[in-house]
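# Understanding the architecture of this molecule
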Amino acid sequence: MTNTLSAPVIDTKGKLPQFWEGDVIFFANLLELFFGNEKETNELEEIVGEVDSYGGRLVPILNLLFRGKNNLLVLERHSAGVLNQYFEQELGLSLPRTEIMSPDNYRLVGEALAQNETSLVQDRLSTIADHGAYWIDGYVTDGTLTGIATSLGKKTVTTQEGCWKGNNKLLLHQFLESQTLPTPPTCLANHKTEILSCMAELSQAGFDEVVLKSQIGASGIGILRVKKIGTFDEARLIDIPEHLFYEGPVMVQGWLSPDRPGIQAIKSPSVQMFLDEKSVWLFDITEQILSRDSVHEGNVSPPPYLSRIAGAREELFRQATLAGQWLHDQGYRGTASTDFLFVERDDSSLPDVYVCEINARVTGATYPCLLARHFTPDGHWLMQNLRLKQPMGGAELLIILQEAGLLFQKGDEVGILPINFNFGSDEQVHKGQFLCLAPSHEVCWNLLEKAEQMLPVEWQADRD
């Protein structure tokens, strides 16, 4: 598709758009995020942990996103029954039917599709073959998902090409340059040895650190921060993983840091989007909670600083509008987010605003945003990914929150809403995604602090 920039953009100002009418079979397989890049997939499994239970985050929101009456969620392992009971009985949410397909079986389906082994594909998909859903969807639309849709006689929500392009950082960067939108100093490296010349170029521009970005990545995978580039030599190239070049040239960008002269602070806002055939909806703004290594650990909405910076919201939405229209022109449809960097400088009242990346999928902010805006459309919310220092049972954790008066109930304005539990091999909750709802940011943060102070639960922020 060409960049026609023609789709109208609708700002719903914190209200949810009208999502899909109809039913879906949604494959919640996080390991397919990288379009066949197995090294990145292995890295995700090793670093994030409990990946197979992350799909449970879709249980409370799928029927909000697809408003049919017969949605099917295909998980990698069973979700928390105690949470499902809470969602239905206490929150009044409608939940999808669920089936289980292990990552290995999903891969086997992909291999069978590639080899045109029709009988094996039908056998693996037998439990869902007769489902009446119109659509097939997943975190990304890759060759396997497209093949499943074709074999079942169904449509994918977005195209394989549109999904790949929409998640491609280099294609986005080239578009931003074509629109004369600001971008960090960037150099392309076609192979490892060219990284050295890129570092030399950026060092001359005054940078002591760079970030290497593969074209496709997620959750901090496919991104490598390199410090002290002035001392980086050929011997250290062995530390650069080959899988960064899986899709082709790697972007080498100057690392913007509050430690650089003239920079006061750096913020990380994100605009939540939904794209249908005719429109791009901008329906919430969040601030990403990042670790010291810039890895995503949660979100807060609205960004606490946005109201104090004159003109910041307008510039954010101007660039988000262009980014959303570009994404629409690639053929992508569904939920997405445009992530930004706000760079506050000593010599300017208006920060530099950079589009950092587009995540064209159900993202880590989609779950809390849909639930928060469903229950408290005008409220504030905070979601953190928290790892328990001592694993415990899911029922026990819910009871503790309820008895302390902290568990969110339908009709409340304040409370903690557990979105999902991540289980270890011991079937205990090792971490989870916890959503705090309140009229202010201060109360949201106080909820988490109060929970840890009052309860026999210790936790720490963890990567999402």
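For the structure, check the block above.
Attention here is on the structure that accompanies the text.

The rules behind the values
Residues numbered from 1 in each chain as written. Predicted model: local features only at pLDDT ≥ 70, side-chain atom pairs only at ≥ 80, totals over all residues. Heavy atoms only, no water. Core = buried A, V, L, I, M, F, W, Y, C linked by side-chain atoms within 4.5 Å. Buried < 20%, exposed > 50% of the residue type's maximum accessible area, 1.4 Å probe, protein only. Helix = DSSP H or I, 4+ residues; strand = E, 2+ residues; numbered from the N terminus. Contact = heavy atoms within 4.5 Å. Pairing = 2+ DSSP bridges. Axes fitted to C-alpha atoms, helices over the stretch in contact; angles between N-to-C directions. Phe/Tyr/Trp six-rings, centres within 6.5 Å; stacked < 30°, edge-to-face > 60°. Lys NZ or Arg CZ within 6 Å of the ring centre and 35° of its normal. Salt bridge = Lys/Arg side-chain N within 4 Å of Asp/Glu carboxyl O. Disulfide = S-S within 2.5 Å.

## Structural notes on the nonpolar core
- Among the nonpolar cores identified, the biggest contains 111 residues, and Leu58 and Leu417 are the most heavily contacted of them.
- Broken down by element, the residue count for this core peaks at 8 residues, all from helix α10 (residues 312–329).
- When sequence neighbours within four positions are dropped, the list of residues in contact with Leu417 reads Tyr86, Phe87, Leu91, Leu371, Phe375, Phe408, Gln433, Phe434, Leu435 and Leu437.

## Comments concerning the side chain of Gln409
- Assignment of secondary structure puts Gln409 in the loop between α12 (394–403) and β18 (415–423).
- Once you skip the residues sitting within four places of it in the chain, Gln409 turns out to touch Glu90, Leu91 and Gln402.

## Here's the deal with the sheet that holds strand β10 (residues 250–254)
- Strand order across the open sheet formed by 4 strands is β7-β10-β8-β9, with antiparallel pairing between neighbours. Since the sheet does not close on itself, it has two edges, and those belong to β7 (186–189) and β9 (221–226), each with one partner. Strand-to-strand twist in this sheet, taken as the mean axis angle between neighbours without regard to direction, amounts to 25 degrees.
- Direction of pairing for strand β8 (residues 210–218) relative to β9: antiparallel, over a ladder of 5 bridges. Following the sheet pairing, Ala218 is matched in β9 by Ile221.
- This element, helix α8 (residues 169–178), spans β7, β8, β9 and β10 of the sheet and lies at about 115 degrees to β8.

## Looking at the packing of aromatic side chains
- The full count for this structure, using the stated rule, is 14 aromatic pairs.
- Judged by centre distance (5.1 Å) and plane angle (75 degrees), the rings of Trp20 and Phe274 are edge-to-face. With Trp20 in the loop between β1 (9–11) and β2 (24–27) and Phe274 in strand β12 (residues 269–275), the pair connects residues that are 254 residues apart, well separated along the chain.
- The buried category is assigned to Phe274, whose relative accessible area is 1%.
- If you follow Arg260 out to its NZ or CZ, it ends over the ring of Phe207, 4.0 Å from the centre.

## Re the sheet that holds β2
- The 5 strands are arranged β4-β3-β2-β5-β6 in an open sheet whose pairing can be described as parallel. The sheet terminates laterally at β4 (97–100) and β6 (155–156), the two strands that pair on one side only.
- Note: strand β3 (residues 72–75) against β4, 4 bridges, orientation parallel. Note on β4: the bridge partner recorded for Leu75 is Ile100.
- Its contacts with the sheet put helix α6 (residues 143–152) on β2, β5 (135–138) and β6, and the angle it makes with β5 is roughly 165 degrees.

## Let's talk about the pattern of salt bridges
- Counted according to the given criterion, the structure contains 20 salt bridges.
- When the shortest N-O distance is used, the salt bridge between Arg77 and Asp52 registers 3.8 Å. With Arg77 in the loop between β3 and α3 (81–90) and Asp52 in the loop between α1 (38–48) and α2 (62–65), this residue pair connects regions lying 25 residues apart in the sequence.
- Overall, the relative accessible area of 31% leaves Asp52 in the partly exposed class.
- In this structure, Arg97 and Glu99 form a salt bridge, with 3.1 Å as the shortest nitrogen-oxygen distance.

## Focus on the pairing of β12
- Most of β12 sits out of view: 7 of its 7 residues are buried.
- The pairing of β12 with strand β13 (residues 280–290) spans 7 bridges and is antiparallel. Each bridged residue has a counterpart across the sheet, and for Val271 the counterpart in β13 is Ile285.
- Between β12 and the antiparallel strand that follows it, β13, lie 4 residues.
- As paired strands, β12 and strand β15 (residues 334–345) are joined by 6 bridges and run antiparallel to one another. Across the sheet, residue Met273 finds its bridge partner in β15, namely Ala336.

## Remarks on the state of the cysteines
- Evaluation of the coordinates by the stated rule reveals 1 disulfide.
- With its sulfur 2.2 Å from that of its partner, Cys187 forms a disulfide with Cys198. With the S-S bond torsion at -60 degrees, the cross-link from Cys187 to Cys198 turns out left-handed. Separated by 11 residues along the polypeptide, Cys187 in strand β7 and Cys198 in helix α9 (residues 192–204) bring together distant segments of the chain.
- Not engaged in a disulfide, the cysteine Cys436 finds its nearest cysteine sulfur in Cys444; these two sulfurs lie 6.0 Å apart.
- Judged by relative accessible area, which is 0%, Cys444 ranks as buried.

## Some thoughts on unusual backbone geometry
- Cis peptide bonds are those with omega within 30 degrees of zero, and the linkage from Ser301 to Pro302 qualifies with -10 degrees.
- Mapped onto the secondary structure, Pro302 falls in the loop between β14 (296–301) and α10.
- Backbone geometry at Phe35 places phi at a positive 50 degrees, although glycine is not the residue there.
- Relative to the elements of secondary structure, Phe35 occurs in the loop between β2 and α1.
- Although it is not a glycine, Thr180 adopts a positive phi angle of roughly 55 degrees.
- Position of Thr180 among the secondary structure elements: in the loop between α8 and β7.
- Thr180 sits in the exposed class, given a relative accessible area of 70%.

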